[in-house]
Amino acid sequence: MTTSRESLRPRIESSPLYNPDLAPASRERRHWGTYNYAALWISMSVNILTYMLAASLIQGGMNWKQAVATVFLGNTIVLIPMLLNSHPGARYGIPFPVLARASFGVLGANVAAVLRALVACGWFGIQTWIGGEAVSTLIATLVPAWRNFPYSTAICFLVFWLINLAVILKGVEYIRILQGLSAPVLLAVGLLLLAWAYRSAGGFGPMLAAPSRFTNFPDFLKFLIPALNATVGFWATVSLNIPDFTRFARSQRQQMIGQAVALPTTMTLYSLIGILVTSATVVIYGTAIWDPVQLLSRFHSPVAVVISLLAILLATLNVNIGANVVSPANDFSNLWPRKISFRTGGVITCFMGIAMMPWKLLGNYKTMIFGWLGGYAAFLGPVAGIMICDYFVIRRRVLLVDDLYLRNGAYEYSRGFNWLALLALAMGAGTALVGLVVPPLRTLYDYSWFVGFAVSFAVYYALMAYQREPETAASEASSET
């Protein structure tokens with residue numbers, strides 16, 4: 001059911017807020033079922049960053065049981081906002097930046113869209129840097145002298161970046177043939193590493209016996225809180241732009257079941273591989289190696305290294321395009337629909353990925369968990385809180401789809417901006433970030449996604465309810481006269 005009015009369709013198509021990439025998905029395009037959404041999450045969850053997130057928990061001091069429990073709990077929590085934001089996408093066929101217009105205004109939505117896009121650009125850069133590392137290690141395996149070249153990784157990063165750019169210019173459809181291979185390929189690499197770990201560490205016993213470095217519960221809690229926040233923040237990006245995918249759903253039930261079954265289970269199972277292998281590196285090398293590319297570089301079999309790294313390159317390219325280009329391309333297109341196409345938005349994403357300096361974000365596990373994941377969660381949590389409050393509480397799941405594409409419609413607010421939503425966003429993000437500058441309030445930052453979500457949800461609801469009271473009173477007085 002939609003509230004779209006067919007008589008207004010010509011006006012929508014001539015609107016500056018409209019382009020074919022942002023248009024509501026037609027019935028003919030809504031053919032994604034339970035299997036498609038399960039496959040989507042399996043292909044997106046089985047990636048190098050999932051491995052590295054889990055491995056970083058081991059490097060941070062957790063034992064394997066604590067790390068597995070943290071990953072499972074975090075992904076179960078993030079599934080809730082994921083499914084809530086999925087609903088309007090499946091019901092109305094609209095992508096994330098268009099849905100954001102209902103709460104932020106037809107122009108104010110660009111604030112939420114750009115915040116989400118910048119995070120995606122960062123992830124694009126991170127995945128590309130990992131691909132560049134793989135290329136460099138691959139060359140060094142074939143030509144050992146390459147290891148002595150000072151800018152080897154940087155050059156390979158640019159080469160892999162150019163490959164990504166070429167695919168985007170060619171069109172995302174170009175890579176769809178290979179997309180189904182990404183998950184099986186990376187799963188095979190993970191199992192290869194697990195088999196190596198089992199043999200080199202002397203079985204699962206030594207791996208599973210690796211103790212936690214936390215000697216008491218308060219110390220464990222200090223690491224657990226930001227680690228759980230980072231695990232939630234890992235998919236906080238897609239929990240916002242999930243309408244970009246659910247707009248093609250055949251039904252609400254099918255998209256919900258597909259996501260609920262695949263996301264927590266796949267993330268936990270693939271994380272377990274990263275956790276076990278990283279635990280083994282502690283036994284074998286005396287230190288936790290959280291980067292699988294660096295671990296592969298220590299292998300003595302050139303054949304195994306070459307095959308594994310080629311597999312990582314293929315899978316990383318697939319995941320990067322699917323998970324880190326679709327959303328920001330739509331978001332940048334939303335900035336100027338008449339001039340910025342999906343492809344142009346993808347090119348912008350490529351250049352922003354370099355500007356985000358991914359080599360620094362991957363410097364160590366502390367930068368990854370406490371800086372990158374925790375930092376952007378302080379902004380995306382508030383956006384999620386505002387959008388969910390607006391759709392389910394304020395509007396009770398009713399949207400005027402045509403007005404989402406028109407100026408001076410129901411979502412015009414004040415010259416296109418809902419300043420109440422922007423104020424709620426600022427208060428939610430500001431509250432979470434206070435923990436960075438006020439040490440006694442550090443917990444606010446450690447729980448940045450949760451704090452930002454709760455504060456912005458409550459503030460937005462209060463502001464919108466207060467605004468509606470005078471409007472309702474004026475409307476009633478007018479009807480009496």
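## Overview of the overall build of the protein
Regarding its fold elements, the protein presents 22 helices and 0 strands. Counting over 481 residues, the protein shows a buried share of 57%. Put simply, of all contacts in the protein between residues at least 6 apart along the chain, 85% involve residues at least 24 apart. By element, 66% of the accessible surface of the protein is carried by carbon and sulfur atoms, the whole surface being about 19,600 Å².

## Examining the environment of Val232
Secondary-structure assignment places Val232 in helix 10 (residues 217-234). Taking relative accessible area as the criterion, Val232 reaches 0% and is therefore assigned buried. Leaving out residues up to four positions away in the same chain, Val232 has contacts with Gly74, Ile77, Val78, Trp449 and Phe450.

## Describing the side chain of Asn241
For Asn241, the location among the structural elements is in helix 11 (residues 236-241). Under the relative-accessibility criterion, Asn241 is labelled buried at 2%. In this structure the side chain of Asn241 is engaged in a polar contact, spanning 2.7 Å, whose partner is the side chain of Arg116. Other than its neighbours up to four places away in sequence, Asn241 contacts Phe96, Arg116 and Ser327.

## Some thoughts on the packing of aromatic side chains
Summed over the entire model, instances satisfying the criterion amount to 24 aromatic pairs. When the centroid spacing of 6.4 Å and the interplanar angle of 75° are considered together, the rings of Trp123 and Tyr376 count as edge-to-face. A residue pair is termed long-range when its members are at least 10 positions apart, and Trp123 in helix 6 (residues 109-142) and Tyr376 in helix 19 (residues 365-394) qualify at 253 residues. The same class applies to Trp123 and to Tyr376, which are both buried. Following the ring pairs from residue to residue traces out a cluster consisting of Trp41, Trp123, Phe234, Trp235 and Tyr376. In this arrangement the basic side chain of Arg101 is found over the ring face of Tyr405, its NZ or CZ atom lying 5.5 Å from the centre.

## With respect to a nonpolar patch on the surface
Together, Phe149, Tyr151, Ile155, Val159 and Ile163 make up an exposed nonpolar region whose accessible area comes to about 450 Å². Relative to the elements of secondary structure, Val159 occurs in helix 7 (residues 152-170).

## Details of the packing of helix 6 against helix 16 (residues 326-335)
When two helices pack together, their arrangement is captured by the angle between the axes and the distance separating the axes. Following both chains from N to C, one finds helix 6 and helix 16 inclined at 145°, their axes separated by 8 Å at the closest point. Note that helix 6 runs across helix 16; the crossing there is left-handed. Taking contact as the criterion, the partners of Ala109, Asn110, Ala113, Val114, Arg116, Ala117, Ala120 and Cys121 in helix 6 are, on helix 16, Ser327, Pro328, Asp331, Phe332, Asn334 and Leu335. By residue class, the composition of the contact of helix 6 with helix 16 is 9 nonpolar, 3 polar and 2 charged.

## With respect to the environment of Leu335
Relative to the helices and strands, Leu335 is located in helix 16. The exposure class assigned to Leu335 is partly exposed, which follows from its relative accessible area of 40%. Excluding anything up to four places from it in sequence, Leu335 contacts Asn110 and Val114.

## Things to note about helix 3 (residues 48-59)
With 12 residues, helix 3 should cover 16 Å at 1.5 Å per step; its first-to-last C-alpha distance of 16 Å lies within 8% of that length. Burial analysis of helix 3 places 12 of its 12 residues in the buried class, which makes it a mostly covered element. Ile48, Leu49, Thr50, Tyr51, Met52, Leu53, Ala54, Ala55, Ser56, Leu57, Ile58 and Gln59 are the residues of helix 3 that are buried. Just beyond helix 3, the residue with positive phi is Gly61, at close to 125°.

## With respect to unusual backbone geometry
Look at Arg397: it is not a glycine, yet its phi comes out positive at around 70°. The residue Arg397 is located in the loop between helix 19 and helix 20 (419-437) in this model. By relative accessible area, Arg397 is classed as partly exposed at 39%. A positive phi is found at Tyr413, a non-glycine position, where the angle reads about 50°. Its place among the elements puts Tyr413 in the loop between helix 19 and helix 20. The class for Tyr413 is partly exposed, based on a relative accessible area of 27%.

Each value, and the rule that gives it
Residues numbered from 1 in each chain as written. Predicted model: local features only at pLDDT ≥ 70, side-chain atom pairs only at ≥ 80, totals over all residues. Heavy atoms only, no water. Helix = DSSP H or I, 4+ residues; strand = E, 2+ residues; numbered from the N terminus. Buried < 20%, exposed > 50% of the residue type's maximum accessible area, 1.4 Å probe, protein only. Contact = heavy atoms within 4.5 Å. Areas by Shrake-Rupley, 256 points an atom, 1.4 Å probe, with all protein chains shown as cover. Polar contact = N/O pair within 3.5 Å; in protein donor to acceptor, adjacent residues only side chain to side chain. Phe/Tyr/Trp six-rings, centres within 6.5 Å; stacked < 30°, edge-to-face > 60°. Lys NZ or Arg CZ within 6 Å of the ring centre and 35° of its normal. Patch = residues over 30% accessible without salt bridge, like charges linked within 9 Å, V, L, I, M, F, W, Y side chains within 5 Å. Salt bridge = Lys/Arg side-chain N within 4 Å of Asp/Glu carboxyl O. Axes fitted to C-alpha atoms, helices over the stretch in contact; angles between N-to-C directions. Left-handed = near helix turned anticlockwise from the far one by under 90°. Nonpolar A, V, L, I, M, F, W, Y, C, P; charged D, E, K, R; others polar. Expected span 1.5 Å × (residues − 1).

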